[in-house]
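Summary of structural features
Residue strings, one per chain:
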Amino acid sequence: MQTGRARESKKMEPRCVECGFPIKTLFVQYSPGNIRLMRCENCKAVADEYIECEFMIISIDLILHKTKAYRHLLFNVINQHTVNFEGSLWKSIFAFLLLDAYRSLLLKRNEGEWGSSMSFSSIVWTFQEIIVDVFVGNFVFLCILLLSMRLVLNSTIQISRCKDILLAVLVSSYFKIFLIATMVWEFPSSVIFIIDLFVLSSNTVALKVITDSTMNRCIAACFCAQAAKLLVSQVPARRLLRFENIDRSFSLY
């Protein structure tokens, strides 16, 4: 029990953004506005230089997929000692599912499956497809991802570790927020898939940071999980196509 608690407390400690080494404190505050950044005992560099950086600089480094920025966000900002971890997790889940549902609706609209001339039965089936795509698809994505990471880490994953991986995936999916721009401007469907690629690459970097694994293994885990999600989302689409063909055949009579 003491060994497990020691590992848990060590895991929740802030990290050096340069090498990922655990550090007790990131800075020392002498007075309001007067702080001194601490150096890492391992690499002797400043543990977290992003503390004095503006939010825009951190956002740019996150978009550029810099590992240092992801370590700062996942270990030093989203820390169970400083934030409401459970609250942040549920808020991230709600935002992720809401944006994913809007993504599915955009695909339906661009493919011509959503319009004012749709029948009531087609609308019901379309909403059913969106629900399956969002909830079942993401559930399969998470299960395959955790199973892949278990094989990568070659050990069992505890519940707290699952929460860390889940929050890392949700937070690193921030590229989905660019879907809001489609409310103002019209974009082709290719833009949605480009955003999906950015989300997938961001998830890969976040997994590499949170698990200290190699990039190739994280790419394989994310690719398998995303492929399983796409496979599940294609099942209701085929059923909807068959249902529309049957509905049209009945309307002819």
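Along each chain, residue indices are assigned from 1 in the same order as the chain's sequence is written. Since the coordinates come from a predicted model, pLDDT governs what is reported: local features require at least 70, and pairs of side-chain atoms require 80 or more to be given and counted, while whole-chain, interface and lining totals use all residues. Where side-chain values are given, they derive from all heavy atoms of the structure, hydrogens and water being excluded.

This part takes up the overall build of the protein. The secondary structure listing takes helices from DSSP runs of H or I that are at least 4 residues long and strands from runs of E that are at least 2 residues long, numbered from the N terminus. When helices and strands are tallied, the protein shows 8 helices and 2 strands. Traced from its N-terminal end to its C-terminal end, the protein shows the element sequence α-β-β-α-α-α-α-α-α-α. Here the protein holds 253 residues, and 39% of them are scored as buried. Pairs at least 24 apart in sequence give 65% of the contacts found in the protein among residues at least 6 apart. If you sum the accessible surface of the protein, you get close to 15,400 Å²; carbon and sulfur atoms cover 64% of it. Throughout this description, buried means an accessible area under 20% of the type-specific maximum (1.4 Å probe, protein chains only), exposed means over 50%, and partly exposed covers the range between. Throughout, a residue-residue contact means that at least one pair of heavy atoms, one from each residue, lies within 4.5 Å. Computed by Shrake-Rupley with a 1.4 Å probe, the accessible areas treat only the displayed protein chains as cover when residues are assessed.

The next subject is the UniProt feature "transmembrane region" (unreviewed entry) in the protein. Per the UniProt record, "transmembrane region" (unreviewed entry) is found at residues 127–153, 165–185 and 191–210. Split by type, residues 165–185 is 33% helix and 0% strand. Its first and last C-alpha atoms lie 34 Å apart. Between the first and last C-alpha atoms of residues 191–210 the distance is 29 Å; the span itself is 100% helix and 0% strand. UniProt positions are given in the numbering used here, feature names are shortened, and annotations may be inferred rather than shown by experiment.

Our next topic: the pairing of strand β2 (residues 34–37). Here strand β1 (residues 27–31) runs beside β2; their pairing, made up of 4 bridges, is antiparallel. Bridge assignment links V28 to a residue of β2, and that residue is R36. The hairpin turn running from β1 into β2, its antiparallel successor, is 2 residues long, and G33 in that turn takes a positive phi close to 85°. Pairing between two strands requires that DSSP report at least two bridges joining them.

If you check which residues of helix α2 (residues 55–63) are buried, you get I58, S59, D61 and L62. The arc that holds the buried residues of α2, viewed along the axis, is 165°, so those residues lie on one side. Contact partners of the buried residues in α2: α3 (67–77). Just beyond α2, the residue with positive phi is H65, at close to 60°. Directions are taken from the helix axis to each C-beta atom, and the arc is the one they span.

Turning next to the packing of aromatic side chains. For any two aromatic rings, the description comes down to two numbers: the centre-to-centre distance and the angle of the planes. Stacked, tilted and edge-to-face pairs are distinguished by plane angle, under 30 degrees for stacked and over 60 for edge-to-face with tilted covering the rest, among Phe, Tyr and Trp rings (Trp via its six-membered ring) whose centres lie within 6.5 Å. The full count for this structure, using the stated rule, is 3 aromatic pairs. Ring geometry for F175 and F178: centres 5.8 Å apart, planes at 35°, overall tilted. A residue is classified by how much of its surface remains accessible, and F175, at 5% relative accessible area, is buried. Every member of this aromatic cluster is reached through a ring pair, and the members are Y174, F175, F178 and F198.

Every patch collects residues that have over 30% relative accessible area and no salt bridge, joining them within 9 Å if they carry like charges and within 5 Å if they are nonpolar side chains (Val, Leu, Ile, Met, Phe, Trp, Tyr). The working definition used for a salt bridge is a side-chain nitrogen of Lys or Arg within 4 Å of a carboxyl oxygen of Asp or Glu. On the surface, a cluster of nonpolar side chains totalling about 840 Å² of accessible area is made up of I63, I177, F178, I180, M183, V184, W185 and F187. Relative to the elements of secondary structure, I63 occurs in helix α2.

This part is about unusual backbone geometry. The phi angle at K44 is positive, at roughly 65°, despite the residue not being glycine. Within the secondary structure, K44 sits in the loop between β2 and α2. The backbone of H65 shows a phi angle near 60°, a positive value even though the residue is not glycine. Relative to the assigned elements, H65 resides in the loop between α2 and α3.

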